[in-house]
Amino acid sequence: MYYFIVNKISGNGKGLKVWKKVEKLLQGKRVNYQVRFTERPKHAVEIAKELSSEQCDAVVAVGGDGTVHDVANGLIDSNIPLGVIPAGSGNDFARALDIPMDYKKALERILMGKQRKIDIGRIGNEYCITVTGIGFDGKVAEVNNASKYKSWLNFIRLGDLSYGLSFLHVLLKYRPVNIQLKVDGKNLVFFNVWLIAIANIPNYGGGIRICPDAYYNDGLFDICIVHNMTKWELLRTFPKAYKGRHIFHPCVTIIKGKQVEVISELPIIVQGDGELLTKTPVNVTIHKDALLII
C-alpha cells in the first residue's frame, strides 16, 4: 500500500495537475494506493503522523519543499520511507537527491523501492531537511511566500525567479547584524552578518547552491556566513551563488559542524525548507540517518 499526500495548491495548482496524471499511472499499473489532500497549513504533518502507524510501503509527498517538510516532520519517528513527486516552485530537496522532476520517472523510482537514509536538522520541535536560513534569507522567504509574483511566475513556469525578485525587494531595506556563533562548542563572532545558511543539502531558493559541498548523509552541516559585505557587493555576488562560486568571496565563510547556536544583537527570522519557523536565538542540531527516503 502506498499513501499519497497531495498539496493541490502547491506550485500555483501544479500539485493537483501532477496528481491527476500520477493517479492514472497508478491505476494503469494496478498499484494499491490511497490519497489524502491537504486542506490547511500543517495538515500534511497531521496526515503523515496518522499514517505513520499504518502498514505501508511508503508515504509520498506530492508538492513542493514545504509539503515535503511537513510530511517528513510527520514521519520522523517512524520507519516508513518518504517518497517525493516534485510539484512545487523550487523543488530543492528533489534536486539535491536526484529525484526526477518528471512525475513518471519520480513514480517509477518510488515503485522500485530502493531506500536510503538521510540526515535532518532539528530546530526546537521542528525538523528541516534542506537548509535553515537565518537573517536576510529568512526575510526573503517571508516576503517570497507572501508575494503575488510568486504565483504568477509559477503559472508561467518561471517559479525559480521569484526568490531573486524577493531578494531585490528585501535588499533595499535590510540591515545586517552582529552575530555570536557557537559551532560544536567553539565560539565565533561575525560582524555585519547578512545571512547564515545551515545546510544539509547544497541548494535552496530554487537552485541557489549556497553550500555547494553539503551532503545529506555525511553527519555534518555546511554553514555559510555572509558578513562585512556592502549592499553593492551582495548584489554583485548573488548571481554567483547559483553556481556556488560565491564561496570564493573574502566576505563569505564556510565551516562545518554538527551543532550550531546562533545569537544575534536583534532577533532575526529563521526559516527552514522555505517555511518560517522562529527568530533568533536558535539552536540547530544534525540528526544522522534520521529519515528514510525511497
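Preceding this paragraph is the structure being described.
Because the structure is predicted, anything quoted here is derived from the model rather than measured.

Another point: the pairing of strand 13 (residues 269-272). Every second residue of strand 13 is oriented toward a common face, with I269 and Q271 on one face and V270 and G272 on the other, all of them buried. Of the strand pairs in this sheet, strand 7 (residues 131-135) and strand 13 are connected by three bridges, and their pairing is antiparallel. Considered in strand 13, the bridge of T132 is made with G272. Hairpin connection from strand 13 to strand 14 (residues 275-279): two residues lie between these consecutive antiparallel strands, with D273 at a positive phi of about 55°.

Moving on to the pairing of strand 3 (residues 58-63). Counting buried positions over the six residues of strand 3 gives six, a clear majority of the element. Here strand 3 shows a buried face lined by A58, V60 and V62 and a second buried face lined by V59, A61 and G63. With five bridges connecting them, strand 1 (residues 2-6) and strand 3 associate as parallel partners. The residue bridging F4 from the neighbouring strand is V60, located in strand 3. Bridge count between strand 3 and strand 4 (residues 82-86): five bridges; the pairing is parallel. Of the residues in strand 4, the one forming a bridge with G63 is P86. Read as a crossover between parallel neighbours, the route from strand 3 over helix 3 (residues 65-75) to strand 4 is right-handed.

Another aspect to go through is the pattern of salt bridges. Side chains that differ in charge, positive against negative, can pair when their charged atoms come close. For the coordinates displayed, the defined rule picks out nine salt bridges. Among the salt bridges present, the one from R36 reaches E50, with a minimum N-O distance of 3.3 Å. In this pair, R36 is assigned in strand 2 (residues 33-37) and E50 in helix 2 (residues 43-51), connecting sequence segments 14 residues apart. The exposure class assigned to E50 is partly exposed, which follows from its relative accessible area of 42%. For K42, the salt bridge identified is with E126, shortest N-O distance 3.1 Å. Here E126 lies in strand 6 (residues 126-128) and K42 lies in the loop between strand 2 and helix 2, a separation of 84 residues in the sequence. A single salt-bridge network, built from bridges that share partners, covers K42, D70 and E126.

On to the packing of helix 2 against helix 3. One can describe the packing of helix 2 onto helix 3 by two numbers: an axis separation of 7 Å at closest approach and a directional angle of 35°. Note on packing geometry: the crossing formed by helix 2 with helix 3 is right-handed. In this structure, helix 2 uses A44, V45, A48 and K49 to contact helix 3, whose residues at the interface are D70, V71, N73, G74 and L75.

This part takes up the packing of aromatic side chains. This model, assessed by the stated rule, comprises eight aromatic pairs. With 5.1 Å between their ring centres and 45° between their planes, F4 and W19 make a pair best called tilted. Taken as a pair, F4 in strand 1 and W19 in helix 1 (residues 10-29) lie far apart in primary sequence, 15 residues in all. In this structure F4 comes out as buried when scored by relative accessible area, which is 0%.

Conventions adopted
- Residues numbered from 1 in each chain as written.
- Predicted model: local features only at pLDDT ≥ 70, side-chain atom pairs only at ≥ 80, totals over all residues.
- Heavy atoms only, no water.
- Buried < 20%, exposed > 50% of the residue type's maximum accessible area, 1.4 Å probe, protein only.
- Helix = DSSP H or I, 4+ residues; strand = E, 2+ residues; numbered from the N terminus.
- Pairing = 2+ DSSP bridges.
- Right-handed = clockwise from strand over helix to strand, strands pointing away.
- Salt bridge = Lys/Arg side-chain N within 4 Å of Asp/Glu carboxyl O.
- Axes fitted to C-alpha atoms, helices over the stretch in contact; angles between N-to-C directions.
- Left-handed = near helix turned anticlockwise from the far one by under 90°.
- Contact = heavy atoms within 4.5 Å.
- Phe/Tyr/Trp six-rings, centres within 6.5 Å; stacked < 30°, edge-to-face > 60°.

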